[in-house]
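# Observations on chain architecture
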Amino acid sequence: MRTRVTDMLGIELPIFAFSHCRDVVAAVSRAGGMGVLGALYFTPEELEMELKWIDDHVDGRPYGVDVVMPASYEGADLGVDSAEDLVGRLQGMIPDGHRKFVDDLLAAHGVAELSGSDAGKVLLGWTDATARPQVEVALRHPIALLANALGPPPADVVELAHARGVKVAALASTPRHAVKQVEVGVDIVVAQGTEAGGHTGEISTMVLIPQVVDAVDVPVLAAGGIGDGRQMAAGLALGAEGVWTGSIWLTVEEADTPEMARRRILEATSRDTVRSRSWTGKPARLLKNEWTDAWEAADSPGTLPMPLQFMLVSDALRRIGRSDAAELATFPAGQIIGTMNQVRPAKDVVFAMVEQYIEATERLGRLTGE
């Protein structure tokens, strides 16, 4: 399979696998696609260790790193240089009423508190100040791709990546967003439909892809609920030159998905997700449960803007993950989870997608007499 993105990045298959798990990233790259490590949850020191491990286990194959540098977020205009100062300022902006709502919700479900040393990370890479150190670490490694998951990356970051010979991709949920990405110099646009897990817009994948393809002159990857070779064939038929996948890797053998979460994904249908601001303050598709329902209830104080919402709930999410309160355990997941009903090695998922793609294109060929 050859498209502009396979030639651009030196990969055999135009299958991009976003994952926070280094084992998945390495496995997909070794199978001929491109694994992309989500850097959001790692400190710069942790990211350095993760990327060093990938360097040693990817067999010289290309891989990428995904960061989150939102164009707009609460506190962007505070003029704070260090992440430590920014955290302090932002913590003071969280209303006490919101803190009480979270505490009461957890108490109602019997979720125990954490020790001070076991607290969650409150900010992560949701801001320019916290994402730039991640970019610096990533560019010290032989990555082939730097992706930005939320909005156009800063122009100077694009220039820095290009100076290191690294291509840049960015996600877009509307044609207008795609044009903005190209204006700052990105090499690849990921057109992500609303079916996707995590931050996503309102336009479906089938509708969005041709609109973005027509709006920009750079290669486009189809994203949003994709985990099957038939969907890959459809994406390429619509003008995309590869697929960007995410949720499908949550249940592979290599994934570090907690067992409770894995079981829920395997049992879920495509109707068991919802776009909610309860995770980060921006709309993200999550597994629907009593946590997402609580934030939509009449007694909810409403969600806070990014990054305040995640700062508010980070410890709560960690407490839930270490408890038996499965009814509150939520996480990003796309509508493709309705077809994820078995655990397989990552390479088997890649090879199955290729086989399904070939079968789909051959079937179309027979329809046209080719």
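Attention in this report is confined to the structure presented alongside it.

### Quick look at the nonpolar core
Of all hydrophobic cores here, the largest spans 37 residues; its most connected members are Leu51, Ile54, Tyr63, Val65, Ile143, Leu146 and Val212. Other than its neighbours up to four places away in sequence, leucine 146 contacts Val65, Val67, Val135, Val157, Ala161, Val166, Lys167, Val168 and Ala169.

### As for unusual backbone geometry
Cis geometry is adopted by the peptide bond preceding proline 307, which originates at methionine 306 and carries an omega value of 0°. Not every positive phi belongs to a glycine, and aspartate 59 is a case in point at roughly 55°. One can find aspartate 59 in the loop between helix H3 (44–57) and strand S3 (64–67). We classify aspartate 59 as exposed; its relative accessible area is 62%.

### Quick notes on the sheet that holds strand S9 (residues 243–245)
Strand order in this closed barrel of eight strands is S1-S2-S3-S4-S5-S6-S8-S9, and the pairing throughout is parallel. The mean inter-strand angle of the sheet, taken between neighbouring strand axes irrespective of direction, is 25°. Here strand S6 (residues 188–192) pairs with strand S8 (residues 220–223) via four bridges, running parallel. Residue pairing across strands places valine 189 opposite valine 220, the latter belonging to S8.

### Quick look at the pattern of salt bridges
Under the criterion given, the structure shown has 12 salt bridges. Across the salt bridge formed by arginine 262 and glutamate 259, the nearest N and O atoms sit 3.6 Å from each other. Taken together, the residues arginine 262 and glutamate 259, both in helix H11 (residues 259–267) and three residues apart, mark about one turn of the helix.

### A word on the side chain of arginine 319
Within the secondary structure, arginine 319 is located in helix H13 (residues 308–321). Although buried, arginine 319 forms no salt bridge, and the nearest oppositely charged side chain, aspartate 103, lies 4.3 Å from it. One polar contact links the side chain of arginine 319 to the main-chain carbonyl oxygen of valine 111, over a distance of 3.1 Å. Those residues in contact with arginine 319 that sit more than four places away from it in its chain are Asp103, Leu106, Val111, Ala112, Glu113 and Leu114.

How each quantity is defined
- Residues numbered from 1 in each chain as written.
- Predicted model: local features only at pLDDT ≥ 70, side-chain atom pairs only at ≥ 80, totals over all residues.
- Heavy atoms only, no water.
- Core = buried A, V, L, I, M, F, W, Y, C linked by side-chain atoms within 4.5 Å.
- Buried < 20%, exposed > 50% of the residue type's maximum accessible area, 1.4 Å probe, protein only.
- Contact = heavy atoms within 4.5 Å.
- Helix = DSSP H or I, 4+ residues; strand = E, 2+ residues; numbered from the N terminus.
- Pairing = 2+ DSSP bridges.
- Axes fitted to C-alpha atoms, helices over the stretch in contact; angles between N-to-C directions.
- Salt bridge = Lys/Arg side-chain N within 4 Å of Asp/Glu carboxyl O.
- Lys, Arg positive; Asp, Glu negative; His and termini not counted.
- Polar contact = N/O pair within 3.5 Å; in protein donor to acceptor, adjacent residues only side chain to side chain.

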